[in-house]
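# Inside the fold
Okay, here's what each chain looks like letter by letter:
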Amino acid sequence: MTLERGGQFRIRVSPELKEQVLGEDMEYLYSLLADFHTRAQSDSNSLFKQICKLGVGPLMLAAVGENIQSHPELAAQFDMFVEI
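Quick summary incoming for the structure in this document. Only a predicted model underlies this, so the values are computations on that prediction, with no experimental measurement involved. (Residues numbered from 1 in each chain as written. Predicted model: local features only at pLDDT ≥ 70, side-chain atom pairs only at ≥ 80, totals over all residues. Heavy atoms only, no water.)

## Quick notes on the overall build of the protein
Helices and strands together make up the secondary structure of the protein, namely three helices and four strands. The linear arrangement of helices and strands in the protein, starting from the amino end, is β-β-β-α-α-α-β. Over its C-alpha atoms the protein spans a radius of gyration of 13 Å, differing by no more than 12% from the 12 Å that the globule rule assigns to 84 residues. Counting the 84 residues in the protein, one finds 20% classified as buried. Here the analysis covers contacts within the protein between residues at least 6 apart in sequence; of these, 52% occur between residues at least 24 apart. When the accessible area of the protein is evaluated, it comes to approximately 6,200 Å², of which 52% is carbon and sulfur surface. Positive and negative side-chain charges in the protein, numbering 7 and 12 respectively, have mean positions lying 9 Å apart. (Helix = DSSP H or I, 4+ residues; strand = E, 2+ residues; numbered from the N terminus. Rg over C-alpha atoms; globule rule 2.2 N^0.38 Å. Buried < 20%, exposed > 50% of the residue type's maximum accessible area, 1.4 Å probe, protein only. Contact = heavy atoms within 4.5 Å. Areas by Shrake-Rupley, 256 points an atom, 1.4 Å probe, with all protein chains shown as cover. Lys, Arg positive; Asp, Glu negative; His and termini not counted. Charge placed at Lys NZ, Arg CZ, Asp CG, Glu CD.)

In structure tokens, the structure reads:
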């Protein structure tokens with residue numbers, strides 16, 4: 001998930017998401033991501049701040065920064081991810 005300078009919130013996922021998430025969890029994950037999209041339209045900054053604090057549950061924060069290039073392992077994955 002990224003929040004760009006203009007406030008545009010983007011969600012990118014692994015193209016192998018369906019293989020990485022248990023079938024019974026996919027519906028919940030899709031509804032959560034849809035909720036993120038809806039909430040981002042009204043207040044993307046607050047949503048991004050909330051997501052940056054995730055530490056339990058189905059989504060957990062890997063890293064926070066202002067430049068993905070400062071996290072080479074994530075930058076390599078980011079280019080392969082698809083925007084949803």
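Next comes the rest of the description.
## Notes on the packing of aromatic side chains
A complete count under the given rule lists one aromatic pair for this structure. Each ring, one from Phe9 and one from Phe48, has its centre 6.5 Å from the other, and the planes form 75 degrees; the classification is edge-to-face. Of this pair, Phe9 sits in strand β2 (residues 9-10) while Phe48 sits in helix α2 (residues 23-51), placing them 39 residues apart in sequence. For Phe9, a relative accessible area of 10% puts it in the buried group. (Phe/Tyr/Trp six-rings, centres within 6.5 Å; stacked < 30°, edge-to-face > 60°.)

## What to know about α2
For α2, built from 29 residues, the straight-helix expectation of 42 Å at 1.5 Å per residue is missed by more than 12%, its first-to-last C-alpha distance being only 23 Å. A maximum bend of about 125 degrees is found in α2 at Asp43. Turning to α2, its buried residues number three or more, namely Met26, Leu29, Leu32, Leu33, Phe36, Ala40, Ser44, Leu47 and Ile51. Structurally, α2 contributes buried residues whose contacts are with β1 (2-3), β2, β3 (12-13) and α1 (17-20). (Expected span 1.5 Å × (residues − 1). Bend = angle between axes of the 7 residues up to and from the residue.)

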